[in-house]
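The chain contents come next:
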Amino acid sequence: MIDFDQLFTVYMQEWMEKNSNLTPDEMEERACDLFEEWKNAPSDELDGISPKQYFEKITSPDELVKMLVSVSEEGGSPSALLLDRIVETDCTDQLSSLISGDYSAEIKIEAINLLFEMGAEHPLDLYVDILADENGDEGLRELCVEVMSANANKVADKLFALLPTASYSLKGLIAEILVNANKDERTYKLLEDLFKNGGNVPLYAGFIGKYGDERAMTYLYKALDDCNYVDFTEIRSAIENLGGTVDDEYRDFSSDPYYKALKNLK
C-alpha cells in the first residue's frame, strides 16, 4: 500500500530545502498551499501521474473502501485524497457494511463520519444496536448518539424499546437523543426518573430544560432546597428555560464547598 502521507512529507521536506532562503513567516505562508501543489504534481513513485490523478483513476467503491480498511488495519491514517475520493464516489453501501461488520471501532467511526460528510442515509438501526452494547467503544457510541440526535424521530420507537432493561448510563444516552424528538410521555417520565435517580443532576437538568415540558418545574423547584451549588445553578437554568424564575438570593451557599471552589474562596 502506497503511503501518501509519507510521499507528501518527502515533498514538503524537499520544498523546504529548496526554499531555505525564505523567512519563517514567508515559509509558513507559502506552505499553506503546498498540499494543493503536491496533489497535482507528477510523481515518480506513481509512474508520472499526480496523487490526485491516481485516485481519480479508481472508480470502484469496493476498491476504495478496501483501501480504507487496509490502511486502518495497518495502523496508518487514511490519506485525505482517499477520503475525498470516497466522498465523491457512491460508497454508501460499502461504508454501511463496515459499520455492521467485524471491524475495529476506529474503522466504524471513519465510516460514519464519511457517511455524514457525503450527506448519505445512515443505517440508524445499526446505530441503535451499537448504542445498546454497553461494553462497546465509548467514542463509537457517542458518535452514534450525535447522529441519532439529528434523526431522533426516526429512532425513537427503537430507543423506547431498550428502556425496560437499560442501565441508568444507557438511559442517559437514550435521553440525550430523545430530547430532540417529538414530545412523548415516555420521554417525560424517563427524564424525571433520570433526574431523581440517575445520579447526574446537572446533566439531566440540562436535558429537562432542553426538552421543554413545564410540568417538570414541580420537582425541579423542590430539588433547589437541598442540593449543592453546582446542581443548583443547573436546576435554576432548567427552570428558567421552562419559563420559571429563581431569585438570586434563594439560598445562602457561602459554606458550600463547590461554591467556595468556584469562587476561589477559602
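For the structure given in this document, a descriptive report is provided here. (Residues numbered from 1 in each chain as written. Predicted model: local features only at pLDDT ≥ 70, side-chain atom pairs only at ≥ 80, totals over all residues. Heavy atoms only, no water.)

Overview of the environment of Asp5
Phase 1: As for its position among the elements, Asp5 is in helix H1 (residues 4-18).
Phase 2: Remark: the alpha-carbon pair of Asp5 and Ile58, spanning 53 residues in sequence, is separated by 18 Å. (Helix = DSSP H or I, 4+ residues; strand = E, 2+ residues; numbered from the N terminus.)

So, the layout of surface pockets
Phase 1: What the largest pocket holds in volume is close to 220 Å³.
Phase 2: The greatest single-element share of the lining of the largest pocket, amounting to four residues, is contributed by H1.
Phase 3: A per-class count over the lining of the largest pocket returns seven nonpolar, one polar and three charged.
Phase 4: Forming the walls of the second largest pocket are 13 residues, and the residues nearest its centre are Met1, Ile2, Asp3, Val71 and Ser77.
Phase 5: Here the residues of the lining of the second largest pocket are counted per class, giving six nonpolar, four polar and three charged. (1 Å grid on protein atoms, 1.4 Å probe; cavity = no way out; pocket = protein on both sides within 12 Å on 5 of 7 lines; lining within 4 Å. Points joined across faces, edges and corners; volume = space filled by probe spheres on them. Nonpolar A, V, L, I, M, F, W, Y, C, P; charged D, E, K, R; others polar.)

Topic: H1
Counting along an α-helix, one turn takes 3.6 residues, and residues three or four places apart therefore face a common direction.
Phase 1: Taking 1.5 Å of rise per residue, the 15 residues of H1 would be expected to cover 21 Å, and the 21 Å separating its terminal C-alpha atoms lies within 8% of that figure.
Phase 2: Where H1 is concerned, the buried positions are Phe4, Leu7, Phe8 and Trp15. The arc that holds every buried residue of H1, seen down its axis, measures 95 degrees, which confines them to one face.
Phase 3: Residues of H1 that are buried make contact with helix H2 (24-31), helix H3 (34-39) and helix H4 (51-56).
Phase 4: The N-capping residue of H1, defined by a side-chain oxygen 3.2 Å from the backbone nitrogen of Asp5, is Asp3. (Expected span 1.5 Å × (residues − 1). Buried < 20%, exposed > 50% of the residue type's maximum accessible area, 1.4 Å probe, protein only. Arc of directions from axis to C-beta. Contact = heavy atoms within 4.5 Å. Polar contact = N/O pair within 3.5 Å; in protein donor to acceptor, adjacent residues only side chain to side chain.)

Section: the pattern of salt bridges
Phase 1: Summed over the entire model, instances satisfying the criterion amount to nine salt bridges.
Phase 2: Between Arg215 and Glu185 there is a salt bridge, with its nearest N and O atoms 2.9 Å apart. Of this pair, Arg215 sits in the loop between helix H14 (201-211) and helix H15 (217-223) while Glu185 is found in helix H13 (residues 185-197), placing the two residues 30 residues apart along the sequence.
Phase 3: By relative accessible area, Glu185 is classed as partly exposed at 38%.
Phase 4: Residue classification places Arg215 among the partly exposed positions, given a relative accessible area of 39%.
Phase 5: Through salt bridges with shared partners, a single ionic network connects Asp157, Asp184 and Arg186. (Salt bridge = Lys/Arg side-chain N within 4 Å of Asp/Glu carboxyl O.)

Section: unusual backbone geometry
Phase 1: A positive phi angle, close to 60 degrees, is found at Asp47, a residue other than glycine.
Phase 2: Within the secondary structure, Asp47 is located in the loop between H3 and H4.

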